[in-house]
Amino acid sequence: MPATTRRELLKQLGGTAAAFAFVAAAGPLATAAPAAAAPAALAGSPATRSATAGPRVRKLLARLTLDEKISLVHGAADPRRLGQAGYLPGVARLGIPELRLTDGPAGVNVASSATGLPPVSTLGAAFHPELARAYGAVMGREGRTLGQDVLLAPQIELSRTPFFSRNKDQSGEDPYLNALIGAAQVEGVQAQGMLAQAKHFLANNQRLHEFDREQPENSYDFVVDERTLHELYLPAFEAVVRAGCASVMSAYNHLNGPWNSENHTVLTDILRGELGFEGFVTSDWGATHSTAALQAGLDMQMWDGSHFGEPLKKAITDGSLPVAALDTAVSRILGRYDAFGMLDGSRVPARERIDVEAGARVAREVAVQGAVLLANDGGLPLSRAALRDLALIGPTAGQVAVSVSGERAYGFEDRMVSPLDALRRTSGRKIAYEVGVDLTGTAVPASALPGGLTREGGGTDESIDFTGDDALPVGTAAEWTGTLVPPATGEYALNIQGWGAAVSLSLDGEELATASGVRDAFTRKWSSIVPTTDGLDNGRAAPVKLTAGRSYALVVKAIGWDETVVERVPVQVRFAWVTPERRAARIAAAARLARRVHTPVVFAYNGEGGALGGSGDLTTLALPAHQDELIAAVAAANRRTVVVLNTGGPVTMPWRRDVRAVLHAGYVGQEGGWSTADLLLGRANPGGKSIVTWPKKESDHPTLDPAHPERYYGVEGTVTYSEGVFTGYRGFDKAGTEPLFPFGHGLSYTEFGYSGLSVRRAGTGYEVSFAVTNRGHREGAEVPQVYVGPPRHADVELPLKTLAAFERVSLRPGRSRRVTLRVAERQLSYWDTGRGRWVRPEGRRAVYVGSSSRDIRLTGDAR
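A brief structural summary. Note that the structure is a prediction, hence the values are computed from the model and not measured.

1. Observations regarding the overall build of the chain
Then step 1. Tallying secondary structure elements over the chain gives 21 helices and 37 strands in all.
Then step 2. Taking 29 Å as the expected radius of gyration for a compact globule of 863 residues, we find that the chain reaches 27 Å, a close match to that expectation.
Then step 3. Considering only C-alpha atoms, the chain reaches an extent of 75 × 70 × 55 Å along its principal axes.
Then step 4. Within the chain, the proportion of its 863 residues that are buried is 64%.
Then step 5. Taking as baseline every contact in the chain between residues at least 6 positions apart, the subset at least 24 positions apart corresponds to 77%.
Then step 6. Total accessible area on the chain stands at roughly 30100 Å², and carbon and sulfur atoms take up 48% of it.

Right, here's the structure in full:
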């Protein structure tokens, strides 16, 4: 695929660098005053027209019946079954169209294929708002083509704890970076006539105790003080409001008492009162708890009408809820229809077909720019000697790690080329391969299933491996019962693999794994980091210890997809395993291969699958599936070992000093095989920066400090953000804790120098100017970061360093560039809870310019 400059890329997507008003204005938080007007560059665009109900909406409201109004505030079943998450039927007699809401935040998640973009964590690591705008444009454009109206993106929660399973879907631990990347995505999405829905409002930063769907009363309260909310968790939402974001999704969790979806303080006082939001608020799916939520500020229940359907009608007719509250919600919703031209035919037209190549170019560029070179002792880029005798090891070397879990575009499968194949095709070399960690395994043999497996309805099967030519007919439903008797004692990986049916595996009455289940009338192969090597969805149970000779009751079910499912196919199902012996053999084989080649490159992953955005939080930062053992064995066999991490965030590295280089590629999207090959070969130069702090050990992180269990695990039904504004790098700085890798860290194949710092007043903020020089022999990109320190006598404790500005700078060898960045007054202020406003403390403060939060190259002061 030919190289494309960023400017050419943005031009192809209908945007330019100049169109990104937030960068030009030094960010959306440029003043201390809340709820500023939208940037002038966006004036007149659908996203920024006033949301006050205009004449058209007022006339419609007067003509709508009560039943019609209610139909516009809750979800329903879509008769077309396009596979999206939500649907409103519209009111045809009045020209009010249907509304379809599709999952993001990384591509369009519907039954039809769309570009498989890398997740937002990879995008954020590029530190490049222009690229984020292009990313949003792909989603908006493809969403419109696929018949969608609202994209449930961007996700702009802060990455408060490294255990959060959805950190991959957001842009890190810093509120300023999070705000810029989120606002840019909104601009890109909405320029295509697609409504953006920012999520999840508010302080929704972990899955643990967030929401117990079966017993909501067991859900914990999340307690966050007012200053922390304003300084850390609200800035990104303020930024997207200023970008004209059409909608906001309320989160599942309680916040300071009430559920977010019926929290008047959150939805009305803060979101609409302080931030000036004029769009509509939708509940997260299943997060509505009462009709009273309507008066608190919730406008739309998703996915059904269990509260905003008949119960709402009853409450209005019996007078317990005023009809004016319903009218307000309908006006907000129709106001966005009107602003986007959905009521008068002036909406930006949808394209007839997806431009697959244009989407692929953006996906590949994001994967390249978002790669972070964490460590390099000369292992990368691969030398000629390495290429002559190279081995790749690991399952995500042989299959591309697009991403994990659902709520994303799966991608075009015919474009998914593995790093191994991409390297072979790009370099023209024969490259050896060993899986190292076998995720597919082999079918459990008849010898471990004595007496066979009884199929419900009659018949016995020796094993379960109905795949390929042995697949069962379309729609088959089957259940097998029997006994599993393991041949040896040890840890087993048990897998249920399928396609064409929802399949499940249970052992001794406990369901261990499922695969190929249907959601929203379609499914994808996302139960694991990668499908099986023969193309099945791979449901992997947590490792289980089994005893030799013991009998375990086994149940395997397959329920063939019904007629409502898009693209029904014959039923394939396999019960597979990886025995302790096979696991050890694969690691030993990898070590043997490493011993005989010049350079082994080990690919490692984390994250599990599931149709939702994340089935549960992590419980450890250690790599799963014995991958630390694998890396240690390979490194012991060959001191030139290179590690590529396909992870959604930090992992611990007990092997760090034993390997030559560590490249955090993250999850790489559908084009990630090519981008990874380019990075390893030096055809592309990594310039990404870490969006979170990597701890040396879990307990180093402020939210996982054993002395403060209330911060993550919760105490007596409450999770308390007692670290306040000192999370992420701010918390590491306060505690004086040395991280494994700091926030903003990322190396390059070249070297950058900094010089000539100048700091001067500019309006209510500062202008920081300095030179960046490429002192190496390769073209590359650097992200200089400006941090500000606290004045000596502030009334509150302030972080030792706060990110205030940054810019991604590309330079050819020997070239220099004078960079001038503006530090806005907001970045110099704190939220005064007594006065309820932003306050800028007086006094001289340090200004730091560096390559990360800990790699400070220049120091000045601002007066």
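2. What about unusual backbone geometry?
Then step 1. Cis peptide bonds are those with omega within 30 degrees of zero, and the linkage from A153 to P154 qualifies with 5°.
Then step 2. Relative to the assigned elements, P154 resides in the loop between β3 (150–152) and α7 (175–190).
Then step 3. With an omega of 20°, the peptide bond between F201 and L202 qualifies as cis.
Then step 4. Structurally, L202 is set in the loop between β4 (195–201) and β5 (221–223).
Then step 5. One non-glycine residue with positive phi stands out, namely H209, at about 70°.
Then step 6. With respect to the helices and strands, the residue H209 is situated in the loop between β4 and β5.
Then step 7. We classify H209 as partly exposed; its relative accessible area is 25%.
Then step 8. At N256, a residue that is not glycine, the phi angle is positive and equals roughly 50°.
Then step 9. Tracing the backbone shows N256 in the loop between β6 (247–250) and α10 (264–274).
Then step 10. Here N256 falls in the partly exposed class, since its relative accessible area comes to 39%.

3. Re the environment of W655
Then step 1. As for its position among the elements, W655 is in the loop between β24 (642–646) and β25 (661–664).
Then step 2. The class of W655 is buried, set by a relative accessible area of 1%.
Then step 3. Considering only alpha carbons, one finds W655 and T489, 166 residues apart in sequence, at a separation of 28 Å.
Then step 4. The contact partners of W655, leaving out residues within four places of it in the chain, are L623, D628, I631, V643 and V662.

4. Describing the pattern of salt bridges
Then step 1. One pass over the structure, following the stated rule, counts 50 salt bridges.
Then step 2. Two residues, D700 and K697, come together in a salt bridge whose shortest N-O distance is 2.9 Å.
Then step 3. Of the residues examined, D700 reaches a relative accessible area of 17% and is grouped as buried.
Then step 4. Residues R711 and E710 are paired through a salt bridge, measuring 4.0 Å at the closest nitrogen-oxygen approach.
Then step 5. What makes R711 buried here is its relative accessible area of 10%.

5. Brief notes about the nonpolar core
Then step 1. In terms of nonpolar packing, the biggest core is built from 149 residues, with I96, F201 and L202 touching the most fellow members.
Then step 2. With nine residues, the top contributor of residues to this core is α7.
Then step 3. What L202 contacts, discounting residues up to four positions off in sequence, is L229, Y233, L234, F237, A251, N253, L255, N260 and V266.
Then step 4. With 33 residues, the next largest nonpolar core counts L382, V400, L420 and W674 among its residues.

6. Focus on the packing of aromatic side chains
Then step 1. The final tally for this structure, using the stated rule, is 19 aromatic pairs.
Then step 2. Over the ring of W499 we find K525, and its NZ or CZ is 5.1 Å from the ring centre.

7. So, helix α9 (residues 235–242)
Then step 1. Within α9, eight of the eight residues are buried, which leaves the element mostly enclosed by the surrounding structure.
Then step 2. For α9, the full list of buried residues reads P235, A236, F237, E238, A239, V240, V241 and R242.
Then step 3. One or two steps after α9, the chain reaches G244, where phi turns positive at roughly 90°.

8. Thoughts on the pairing of strand β28 (residues 765–774)
Then step 1. With nine of ten residues buried, β28 lies mostly within the body of the structure.
Then step 2. Pairing between strand β27 (residues 752–762) and β28: nine bridges, direction antiparallel. The residue bridging R760 from the neighbouring strand is E767, located in β28.
Then step 3. Between the end of β27 and the start of β28, which pair antiparallel, lie two residues, with G763 showing a positive phi angle near 65°.

9. What to know about the environment of R660
Then step 1. Here R660 shows up in the loop between β24 and β25.
Then step 2. Remark: the alpha-carbon pair of R660 and V601, spanning 59 residues in sequence, is separated by 10.0 Å.
Then step 3. In this structure, R660 is in contact with A375, N376, D377, G378, G379, R639, R640 and T641, ignoring residues within four places of it in sequence.
Then step 4. Among the polar contacts listed, one links the side chain of R660 to the backbone oxygen of G378, at a separation of 3.5 Å.

10. Quick word on helix α18 (residues 580–596)
Then step 1. Along its 17 residues, α18 runs 25 Å from first to last C-alpha, staying within 8% of the 24 Å computed at 1.5 Å per residue.
Then step 2. Where α18 is concerned, the buried positions are P580, R586, I587, A589, A590, A591, L593 and A594.
Then step 3. Packing partners of the buried residues in α18 comprise β9 (390–393), β10 (432–434), β16 (490–499), β22 (572–578), β23 (599–605) and α19 (627–637).

11. Observations regarding the packing of helix α17 (residues 419–427) against helix α20 (residues 672–681)
Then step 1. Where α17 contacts α20, the two axes come as close as 8 Å, and the packing angle between them is 55°. Classified by the interaxial angle, the pair formed by α17 and α20 is oblique. For the element pair α17 and α20, the recorded crossing hand is right-handed. Touching P419, A422, L423, R425, T426 and S427 of α17 are G673, W674, T676, A677, L680 and L681, all from α20.
Then step 2. Classifying every residue of the contact of α17 with α20 by side-chain character gives seven nonpolar, four polar and one charged.

12. Quick word on the environment of D318
Then step 1. With respect to the helices and strands, D318 occurs in the loop between α12 (310–317) and α13 (323–339).
Then step 2. Residue classification places D318 among the partly exposed positions, given a relative accessible area of 44%.
Then step 3. Separated by 529 residues in the primary sequence, D318 and V847 place their C-alpha atoms 62 Å from one another.
Then step 4. In this structure the side chain of D318 is engaged in a polar contact, spanning 2.7 Å, whose partner is the side chain of S320.

13. Thoughts on the side chain of K525
Then step 1. Residue position: K525 is located in the loop between β18 (510–515) and β19 (537–540).
Then step 2. A distance of 2.9 Å separates a polar side-chain atom of K525 from the backbone oxygen of G535.
Then step 3. Other than its neighbours up to four places away in sequence, K525 contacts Y410, E413, W499, P531, G535, L536 and D537.

14. Examining the sheet that holds strand β37 (residues 856–862)
Then step 1. In space, the four strands of this open sheet follow the order β31-β30-β36-β37, with antiparallel pairing throughout. Looking at the sheet topology across the chains shown, the edges are occupied by β31 (802–806) and β37. The mean inter-strand angle of the sheet, taken between neighbouring strand axes irrespective of direction, is 25°.
Then step 2. In the sheet, strand β30 (residues 785–788) pairs with strand β36 (residues 845–850) via four bridges, with the strands oriented antiparallel. Within β36, the position partnered with V788 by the bridge is V847.

15. Let's talk about the packing of α7 against α9
Then step 1. Direction vectors running N to C along α7 and α9 enclose 30°, while the axes themselves pass 8 Å from each other. The orientation of α7 relative to α9 falls into the category roughly parallel. Handedness of the α7/α9 crossing: right-handed. For the pair α7 and α9, the contacting residues are P175, N178, A179, G182, A183 and V186 in the first and P235, A236, A239 and V240 in the second.
Then step 2. Taken together, the residues of the contact of α7 with α9 break down into eight nonpolar, two polar and no charged.

Thresholds applied
- Every residue gets a number counted from 1 within its own chain, in the order that chain's sequence is written.
- Where local features are concerned, this predicted model is filtered to residues with pLDDT of at least 70; where side-chain atom pairs are given and counted, the filter is 80 or more; whole-chain, interface and lining totals use all residues.
- In computing side-chain values, all of the structure's heavy atoms are included and hydrogens and water are not.
- A run of DSSP states H or I qualifies as a helix once it reaches four residues; a run of E qualifies as a strand once it reaches two. Both are numbered from the N-terminal end.
- As a reference, a globule follows 2.2 Å times the number of residues to the power 0.38, and the radius of gyration itself is taken over C-alpha atoms.
- Accessible area is worked out with a 1.4 Å probe on protein chains only. A residue is then buried under 20% of its type maximum, exposed over 50%, and partly exposed in between.
- Note on contacts: a residue pair is in contact if any heavy atoms of the two residues lie within 4.5 Å.
- Areas reported as accessible are Shrake-Rupley estimates using a 1.4 Å probe. Residue values count occlusion only from the protein chains shown.
- Note on definitions: salt bridges are taken to be side-chain nitrogens of Lys or Arg within 4 Å of carboxyl oxygens of Asp or Glu.
- Residues belong to a common nonpolar core when they are buried Ala, Val, Leu, Ile, Met, Phe, Trp, Tyr or Cys residues joined through side-chain atoms within 4.5 Å.
- Paired rings are identified among Phe, Tyr and Trp, the last through its six-membered ring, by centres lying within 6.5 Å, and are further divided according to the angle between planes into stacked (under 30 degrees), edge-to-face (over 60) and tilted (the rest).
- Charges are assigned to positions over rings by a cutoff of 6 Å between ring centre and Lys NZ or Arg CZ, combined with an angular limit of 35 degrees from the ring normal.
- DSSP calls a pair of strands paired once it identifies at least 2 bridges connecting them.
- N or O atoms closer than or at 3.5 Å make up a polar contact, with two conditions inside protein: a donor-capable atom paired with an acceptor-capable one, and, for residues adjacent in sequence, both atoms drawn from side chains.
- Expected helix span is taken as 1.5 Å per residue step, with the number of steps being one fewer than the number of residues.
- For helices, the fitted line uses only the C-alpha atoms of the stretch in contact; every axis is such a line through C-alpha atoms, and the angle between N-to-C directions lies from 0 to 180 degrees.
- In these notes the angle categories are as follows: under 35 degrees is roughly parallel, over 145 is roughly antiparallel, 65 to 115 is roughly perpendicular, and the rest is oblique.
- Throughout, a crossing is termed right-handed when the near helix is turned clockwise from the far one, and left-handed when it is turned anticlockwise from it by less than a right angle.
- Gly counts as polar in this scheme, as do all residues outside two lists: the nonpolar Ala, Val, Leu, Ile, Met, Phe, Trp, Tyr, Cys and Pro, and the charged Asp, Glu, Lys and Arg.

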